Amino acid sequence: MSVLVDRESRVVIQGITGREGSFHTEQMRAFGTNVVAGVSPGKGGGAQNGVPVFDTVSDAVRATGANVAGVFVPPAFAADAIMEAAAAHVALTVCITEGIPVHDMVRTTELVQRHGVMLLGANCPGIVTPEQCKVGIIPNHINVAGPVGIVGRSGTLTYEVIQGLGQAGLGQTTSVGIGGDPVLGLGFTDVLRRFAEDGETRAVVMIGEIGGSDEENAATWIREAGFDKPVVAFISGRTAPPGKRMGHAGAIISGGTGTAQSKIDALSAAGAAIADTIEEVVRLTGERLGRRVVAGS
Amino acid sequence: MATPEEARREAQRILSMDIRGYPVRSVWCETGLDIEAELYLGITLDRDRRRLVVIFSAAGGMDIEQVAAETPERIAKLWPDPFAGPLSFEMRELAFNGLSHAPQLRARAGVLASGLASAGRALYGLAVSLDALTCEINPLVLTPSGALVAADGKLEIDENAEYRHRDVAAEIAADQSADGSSGEDPFEAEARRRGLTYVHLDGTVGCIGNGAGLTMNTLDLVKQQGGEPANFLDIGGGANAEKARNALEMVLLDPNVRGVFINIFGGITRGDEVARGIIAARDELHITKPLVVRMTGTKEEEGRALLQRAGIVPATSAMEAARTIVELTKDGAR
């Protein structure tokens, strides 16, 4: 079992002929992802990385039955690409692009919602269900199948956790990167709901960071919904000064909200185990699953 | 001010002030206003609702975040449909809501509501056309004649949208170079010129990582081990020799930096390549301050061996690396 993507996912890559799109399409296919189509306006009829290329997402969907889109389009055009996938009724769009203007994302998330489809990102590393499907840029070799669900904002920290758990023999049902922008599609709570329904996910690791209140909202949901799977949470940015953007557009403490401490307090009050280091994430997750773990790195 | 002498005296007083660390370099002169009431009208991003929010309060002239924290009932909010913007009746509702806790303005509510409806729609249009993350008028002054006057304002433009507002960016830059008052930290300005994501802090341990979350965590680890981070520097994906060199050089411009902690999660990147880049940068830049490198990824053992031979401390665990760099940079360590 898994959440959001699995071996049934039929993936279309928007921006497949670009440098990033082409490189990561190769990586995704090597992983085993069923990439059924690519989209590049004006290059329809051709092929890239052995995948048929279409001019529009709706052509690609009609011809191949694609139901998941991966967006590798430059920031000025990415919002339009997401809306195109939503209008073509693609069930899930994963947008990797960093640097999309906030106002574009306000309109885009609204439109995605109106079409009743889902968006992951933008500015996210993507999603992996080990041995089945990867959409995005998470390194292939670190993913191992197992009982842990991972949901995180940051790319590299999510990779660290995947690798650390894997080295300790703890694999994942699905790893989901929600992204570091202020306006996102799926949030922590949306992903936790899916882990709640997934029978094979027996523990969840949340990787949060300063900015906004999505972690606090997830903590409220955990308490109110009675989410009963163990949660291990890791929050970065304890040393971040207020008013400074720490790399991610969304990682900023403003007007006293979005501090690491507020997130740690909320999650801790909701029963989550708080880890200070990646090693501790691994140890605490192992403990919650009734295993003794010696962290590898 | 009633006389030119008074204006001169006041201007001189203001020019000698220092506001939140920024020295005052120029004074803007305006005709005085008859003030009946000071209101607040602003637009900002509501991350949770994924929409812009229009905020109105009869408690203008103060810090709106403080008003929101202390007397939230005095704040009225509207989340317009992003494709339609605020409609006139929605703005009137917002105005009446915001005025419901201001009995002294009760008699003016009708006039105010229609004035606010057009002001709010115009302000929303401005926020959208300029990609503003914050766009506020505070105070919005109500004069005895019933006019609304924007007495002060604040605008924050989304950096991600800078490419479609080159004109505004150029204007701001021209203003700043005219009075030499960018107010920007000189190290952060230099980093921007170098195309690096850098935040200057006041500690002694230089920090470089790849990925925003990982870099934030690098700073947290240094602090946890009793050190003080000197900066945040995210070199992003695809760490190569040139990037490593640029980043190291940047971090070491800060004279407070006593040593640098480089934390790289390799992913697809090869550890031996990263190691060669760091060694080359150290040699070319003649760096003598301690460097501690923690890296994982393909060929990480080869990378660590290369570093070791070159006299750079390699580490497998980020925690251990943080402890080492804090040891090497503490008072009297060298």
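Residues numbered from 1 in each chain as written. Chains lettered and ligands numbered in written order. Predicted model: local features only at pLDDT ≥ 70, side-chain atom pairs only at ≥ 80, totals over all residues. Heavy atoms only, no water.

## Section: the pattern of salt bridges
According to the stated counting rule, one finds 28 salt bridges over all chains in the structure shown. For A:Asp104, the salt bridge is made with A:Arg107, and the minimal N-O distance between the two is 3.3 Å. One end of the pair, A:Asp104, and the other, A:Arg107, are both in helix 4 (residues 102-114), 3 residues apart, so they sit about a helical turn from each other. Taken together, the shared-partner salt bridges connect A:Asp104, A:Arg107, B:Asp131 and B:Arg164 into one network. (Salt bridge = Lys/Arg side-chain N within 4 Å of Asp/Glu carboxyl O. Helix = DSSP H or I, 4+ residues; strand = E, 2+ residues; numbered from the N terminus.)

## With respect to the interface of chain B and chain A
Counting residues at the interface gives 48 residues for chain B and 59 residues for chain A. Carbon and sulfur atoms make up 58% of the surface buried where chain B meets chain A, a total of about 4,200 Å² over both sides. Summed over the three residues of chain B that lose the most area to chain A, namely B:Arg47, B:Arg50 and B:Phe265, the buried surface amounts to 19% of that side. Across the chain B-chain A interface, the total number found is 6 salt bridges. A salt bridge links B:Arg164 to A:Asp104, with the shortest nitrogen-to-oxygen separation between them at 2.7 Å. Here chain B is connected to chain A by 19 residue pairs in polar contact (both at pLDDT 80 or more). No other element matches helix 7 (residues 212-224) of chain B, which puts 10 residues into the side of chain B that touches chain A. (Contact = heavy atoms within 4.5 Å. Buried area = accessible area lost by both parts, 1.4 Å probe. Polar contact = N/O pair within 3.5 Å; in protein donor to acceptor, adjacent residues only side chain to side chain.)

## Here we look at the sheet that holds strand 13 (residues 231-236) of chain A
Strand order across the open sheet formed by 7 strands is 9-8-11-10-12-13-14 (chain A), with mixed pairing between neighbours. Two strands in the sheet have a free side with no partner beyond their single neighbour: strand 9 (133-136) and strand 14 (273-275) of chain A. Each neighbouring strand pair of the sheet contributes to a mean axis angle of 15 degrees, computed without reference to strand direction. Sheet topology note: the strand 12 (residues 203-209) of chain A/strand 13 of chain A ladder contains 6 bridges and is parallel. Within strand 13 of chain A, the residue paired with A:Val204 across the bridge is A:Val231. Each of strand 12, strand 13 and strand 14 of chain A is contacted by helix 8 (residues 260-269) of chain A, which is oriented at about 175 degrees to strand 13 of chain A, the strand it contacts most. Contacts from helix 7 of chain B reach strand 12 and strand 13 of chain A, with the element oriented near 80 degrees to strand 13 of chain A. (Pairing = 2+ DSSP bridges. Axes fitted to C-alpha atoms, helices over the stretch in contact; angles between N-to-C directions.)

By themselves, these figures tell us nothing about what the structure is for.
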